[in-house]
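Summary of structural features
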Amino acid sequence: MNPTAMLLLIVGAHALFFWSVLRRWQLMRVGSWTNRFDRIPDRIAATLRYAFAQEKMAYYQPAGWAHKLIFVGFLVLLARTIILWGRGFDPTWNLFLLGPTQPIGKVYEFAKDIVAVLVLTGVAVFFYYRVIKHQKRLTHSAEAILILGIIATMMISDVTYDGASIVLAGQYTEMCAPGTPASVGDTCRKMTELIAPLGNASEVHQGFSFFPSPAGSAMATALKKLSPDVLVILAQVGFWTHSSLVLIFLNILPYSKHFHVVTSIPNVALKDLTPRGRLPFMGNAEKITELAMAAAEMPEPTKAPIGIAKVEHLSWKAILDFYTCTECGRCSDNCPAHKTGKILSPKHLTLALRDHLYDHQDELVEREMMWGPGLEGAAAADAAEAAAEKNPELLADEREGAMRPVRYKSIDLVPEIVHPDVLWGCTTCRACEEQCPVLISYVDKIVEMRRNLVLVKGEFPHELQKPFQAMEVNGNPWNLSRMDRSAWSDGLDIPTFAEKPDAQVLYWVGCAASYDDRAKKIARATARLMKAAGVDFAILGQEESCTGDPARRAGNELLFAMLAEGNAAVLSGYKEQGGMKQVVTACPHCFNTIKNEYPDFGVELEVVHHTDFLLGLLAENKLVPKKPVMGRVVYHDSCYLGRYNDIYESPREILKAIPGVELVEPDYWTKTRGLCCGAGGAQMWMEEQNLNRVNVKRTLQLVDTGAKTVASACPFCMTMLTDGLKSQSLEDTIKQMDVAELLDLSCAVDEVSLPAGPQEPAVAEPAVAVPAE
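Conventions adopted
- Residues numbered from 1 in each chain as written.
- Predicted model: local features only at pLDDT ≥ 70, side-chain atom pairs only at ≥ 80, totals over all residues.
- Heavy atoms only, no water.
- Helix = DSSP H or I, 4+ residues; strand = E, 2+ residues; numbered from the N terminus.
- Buried < 20%, exposed > 50% of the residue type's maximum accessible area, 1.4 Å probe, protein only.
- Contact = heavy atoms within 4.5 Å.
- Areas by Shrake-Rupley, 256 points an atom, 1.4 Å probe, with all protein chains shown as cover.
- 1 Å grid on protein atoms, 1.4 Å probe; cavity = no way out; pocket = protein on both sides within 12 Å on 5 of 7 lines; lining within 4 Å.
- Points joined across faces, edges and corners; volume = space filled by probe spheres on them.
- Axes fitted to C-alpha atoms, helices over the stretch in contact; angles between N-to-C directions.
- Parallel < 35°, antiparallel > 145°, perpendicular 65-115°, else oblique.
- Left-handed = near helix turned anticlockwise from the far one by under 90°.
- Nonpolar A, V, L, I, M, F, W, Y, C, P; charged D, E, K, R; others polar.
- Phe/Tyr/Trp six-rings, centres within 6.5 Å; stacked < 30°, edge-to-face > 60°.
- Lys NZ or Arg CZ within 6 Å of the ring centre and 35° of its normal.
- Patch = residues over 30% accessible without salt bridge, like charges linked within 9 Å, V, L, I, M, F, W, Y side chains within 5 Å.
- Salt bridge = Lys/Arg side-chain N within 4 Å of Asp/Glu carboxyl O.
- Disulfide = S-S within 2.5 Å.
- Pairing = 2+ DSSP bridges.
- Expected span 1.5 Å × (residues − 1).

Overview of the overall build of the protein chain
Looking only at helices and strands, one finds 31 helices and eleven strands in the protein chain. Referenced to the eigenvectors of the C-alpha coordinate spread, the extents of the protein chain come out at roughly 110 × 75 × 50 Å. Within the protein chain, buried positions represent 56% of all 773 residues. Within the protein chain, counting contacts between residues at least 6 apart in sequence, those at least 24 apart form 78% of the total. In the form shown here, the protein chain has an accessible surface area of approximately 31,500 Å², with 59% of it arising from carbon and sulfur atoms.

Notes on empty space enclosed by the protein
Enumeration according to the criterion identifies ten cavities of 30 Å³ or more in this entry. Space inside the largest cavity adds up to approximately 90 Å³. Around the largest cavity sit 14 residues that line it, and Cys335, Leu344, Pro346, Cys426 and Cys432 are the ones nearest its centre.

Description of the packing of helix 5 (residues 142–175) against helix 6 (residues 186–195)
Running from N to C, helix 5 and helix 6 point in directions that differ by 125°, and their axes come no closer than 9 Å. Classified by the interaxial angle, the pair formed by helix 5 and helix 6 is oblique. Crossing angle aside, the handedness with which helix 5 passes helix 6 is left-handed. Contacts between helix 5 and helix 6 pair Tyr161, Ser165, Leu168, Ala169, Gln171, Tyr172 and Met175 from the former with Thr187, Cys188, Met191, Thr192, Leu194 and Ile195 from the latter. Here the contact of helix 5 with helix 6 is built from residues that sort into nine nonpolar, four polar and no charged.

Comments concerning the packing of aromatic side chains
Considering all chains together, one arrives at 24 aromatic pairs under this definition. Geometrically, the ring pair formed by Phe74 and Phe249 is tilted, given 5.6 Å between the ring centres and 35° between the ring planes. Of this pair, Phe74 sits in helix 3 (residues 63–87) while Phe249 sits in helix 8 (residues 228–252), and the two are 175 residues apart along the sequence. Given a relative accessible area of 30%, Phe74 falls into the partly exposed group. Through a chain of ring-to-ring contacts, three or more aromatic side chains come together here, namely Phe281, Phe560, Tyr598 and Phe601. Against the face of Tyr668 rests Arg673, its NZ or CZ located 4.3 Å from the ring centre.

With respect to a nonpolar patch on the surface
Together, Val107, Ile114, Leu118, Phe208, Phe210 and Phe211 line one region of the surface with nonpolar side chains, adding up to about 570 Å² of accessible area. With respect to the helices and strands, the residue Val107 is situated in helix 4 (residues 103–132).

What about the state of the cysteines?
By the definition in use, this model includes one disulfide. Cys176 shares a disulfide with Cys188; S-S distance 1.9 Å. Handedness here is read from the sign of the S-S torsion; for Cys176 and Cys188, about -90°, the answer is left-handed. Placement of the pair is Cys176 in the loop between helix 5 and helix 6 and Cys188 in helix 6, with a sequence separation of twelve residues.

Considering the sheet that holds strand 5 (residues 582–585)
Pairing in this open sheet of four strands is parallel, and the strands run 4-3-5-6 from one edge to the other. Of all the strands in the sheet, just strand 4 (537–538) and strand 6 (606–609) have a single pairing partner and so form its edges. Taken strand by strand, helix 26 (residues 588–597) contacts strand 3 (505–508), strand 5 and strand 6, and its axis lies near 165° from that of strand 6. Set on the sheet, helix 27 (residues 610–619) makes contact with strand 5 and strand 6; between it and strand 6 the angle comes to about 85°.

A look at the packing of helix 23 (residues 517–532) against helix 31 (residues 739–747)
In a pair of packed helices, the angle between the axes and the distance between the axes together describe the arrangement. It is the contact of helix 23 with helix 31, at a shortest axis distance of 8 Å, that shows an interaxial angle of 50°. Judged by the inter-axis angle, helix 23 sits oblique to helix 31. Considering only the axes of helix 23 and helix 31, their crossing is left-handed. In this structure, helix 23 contributes Arg518, Lys521, Ile522, Ala525, Thr526, Arg528 and Leu529 to the contact, and helix 31 contributes Ala740, Glu741, Leu743, Asp744 and Cys747. For the contact of helix 23 with helix 31, the residue count by class is six nonpolar, one polar and five charged.

So, the layout of surface pockets
Here the second largest pocket defines a volume of roughly 1,200 Å³. Lining of the second largest pocket is provided by 48 residues; of these, Phe71, Phe74, Phe249, His260 and Val261 occupy positions nearest its centre. Breaking the lining of the second largest pocket down by element, the ones donating at least two residues are helix 1 (3–28), helix 2 (40–52), helix 3, helix 4, helix 5, helix 8 and helix 9 (260–269). Of the residues that constitute the lining of the second largest pocket, the class distribution is 32 nonpolar, ten polar and six charged.

Here's the deal with unusual backbone geometry
Between Phe211 and Pro212 the backbone carries a cis peptide bond, its omega angle lying at 10°. Inspection of the secondary structure puts Pro212 in the loop between helix 6 and helix 7 (214–223). In this structure, Pro415 follows Val414 across a cis peptide bond, with omega equal to 15°. Turning to its location among the elements, Pro415 is positioned in helix 17 (residues 413–416). Positive phi, normally seen in glycine, also occurs at Arg430, with a value near 70°. Topologically, Arg430 is positioned in the loop between helix 18 (420–424) and helix 19 (431–435).

Points about helix 2
The terminal C-alpha atoms of helix 2, which comprises 13 residues, lie 17 Å apart, in line with the 18 Å expected from a rise of 1.5 Å per residue. When helix 2 is considered as a whole, its buried residues turn out to be Arg43, Ala46, Thr47, Tyr50 and Ala51. Where the residues of helix 2 are buried, they touch helix 3 and helix 9. The positive-phi residue at the C-terminal boundary of helix 2 is Gln54, with phi of around 50°.

Section: the pattern of salt bridges
Under the definition given, this model contains 42 salt bridges. Between Lys190 and Asp186 there is a salt bridge, and its shortest N-O distance comes to 3.1 Å. In this pair, Lys190 and Asp186 are both assigned in helix 6, four residues apart and thus about one turn of the helix distant. In this structure, Arg354 engages Asp355 in a salt bridge whose closest nitrogen and oxygen atoms are separated by 3.2 Å.

Focus on the environment of Lys531
One can find Lys531 in helix 23. For the pair Lys531 and Leu492, spaced 39 residues apart in sequence, the C-alpha to C-alpha distance is 9.2 Å. Residues within four places of Lys531 in sequence aside, it is in contact with Leu492, Asp493, Ile494 and Phe537.

This is how it looks when you write it as structure tokens:
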């Protein structure tokens, strides 16, 4: 073909690409170290599941299938690209085994043609969504259209090259036979090169053939009437277009959102393998206090490595997340804050941080280049600034001896790049992370930024001041007396662990069910069911304090550590006495914290949510629901139960086991896609940023099912959904009940007479009637 041109094209394009990737690598090194190279088998499994099988693409159809088609196309056509590059040096090159006359080659030829057509189908779907039917969640840009055009052109040019070559093979035997005048001409020479990979020209099938080359033979049929000179031009254009567009596309990647083509597989492989409900551990209260005090004494306190305030506080993996963002908008499209008009958009948060890094890449890389051995992240930044202080105008590169001006001035990301309301609008529900097809994390970054605001700057919404103080003084966010913590159990004869330290099960009640009058009924129903099933359990009573979940999600890591250490001492103490083999709680926030975060404080206990526990009692026939609870019921998924801990089916199985219950689901917004109630991330104690409330939106989604009972498995969800019903004046016609309450009604435990009212129907014989539809 032209070995010199092909060599220059391949070497030059790859050199430019690797230089660009090196710059991105150097920029990534600005981030601090985090270990993501452990548990290799788990990482391989995650890569196969999310990167190659692209499991999360199924959330959006047909875009999900379109993306999978293009992805498979790239994998299959990689060999084709290598073959074409090789033919630039040797026209007969077929990558050893993939020649059109070889058995494996025929199979590959067929697969390549089918995939090329499927890729064009995928491109058509994306073109439709970007040009004809605009999707609000997408970032609309000329770059996206350009990339789609490049992909489509690569497919068409490859098929054109094949089709023209097939027709030329049929014309070759007559036109270029030895001894004919044309056989020594330039056209025949070019034809000889183009048909060389096909083998014996006289054996090349003319006309359409479904196997082995359906697309190529179809193109050949369309081109068969063209002259040899035109076919040679078409074949050469097809060959060089495909060969060069691959390399052009490769060099666009590092400067566009399509960089995810390179980074998505490593980003998935290097995902955080710790439990989803576990935030990064900063240390015990003493260590956090020391860090905060040290920061307060610094000329620029936000430089202290407490949470995220500066670029260098980001981890290298966080920067890789930024590179990998596809700008698809799935995160924001499912974010409860964004869906209700808040300033928070997970997508734009990521892009704002990424664009800041890109805008200052030269300065940041320049600073990175003078790092001392073993320095990275914040330590390297400190070293750079220390060097700059010695010579304000110039800095020395110790490895090269070059002198360059210091240009990058470290700034606070909040509020310079990220508005504080972006952070405080987050409910930490993980809907964004659940939807992200390339496993970008958002909650950890938001909470880390909150940590810096709270612990270093002392900046947080004023509504949080009272719950912070209340948790510190009385161990609950409502600042109610610790003496009243077990008042909910009056008349139920439930022992405390102080009275019965050998009890096998701890019922962890939580703050809401201990103090909130409505939530107390959840605790009483759960306790009655456990007693009826003969469970050997006790409560902590006054020894129980808030787990610290609201404080931690709000960024007050010091307060969380203080509460966690206190609870850990109590839990470990009773475990050492031979009791407390299992912890049962009806609060998903308590459940998540004790199960996933308290191990950092030495607590190793089996923690079970009350829906899992009660389902187990049903399976063992220790509880038998008999009384019908007639009516249509819709279940609301708690974020910290579902998306954080994969508990979706247990509450539903309990409801299905209750006679008379007709379980229904909202359209789309259910299970992994269920909308948050709006209470998480300490939002329970904050005012919403606008009048469009998350809990009302979620309530309306549930009401639209036609259900007359909204079931939940979280006391905070109950509060938010109850308020949502009241906002629509529906509290008298639609009930909001915990799964345990409904089961308690059906089991009629101890024949308890429950007061009738808007939130809890009375037990009636022979059935408990939920209001008619």
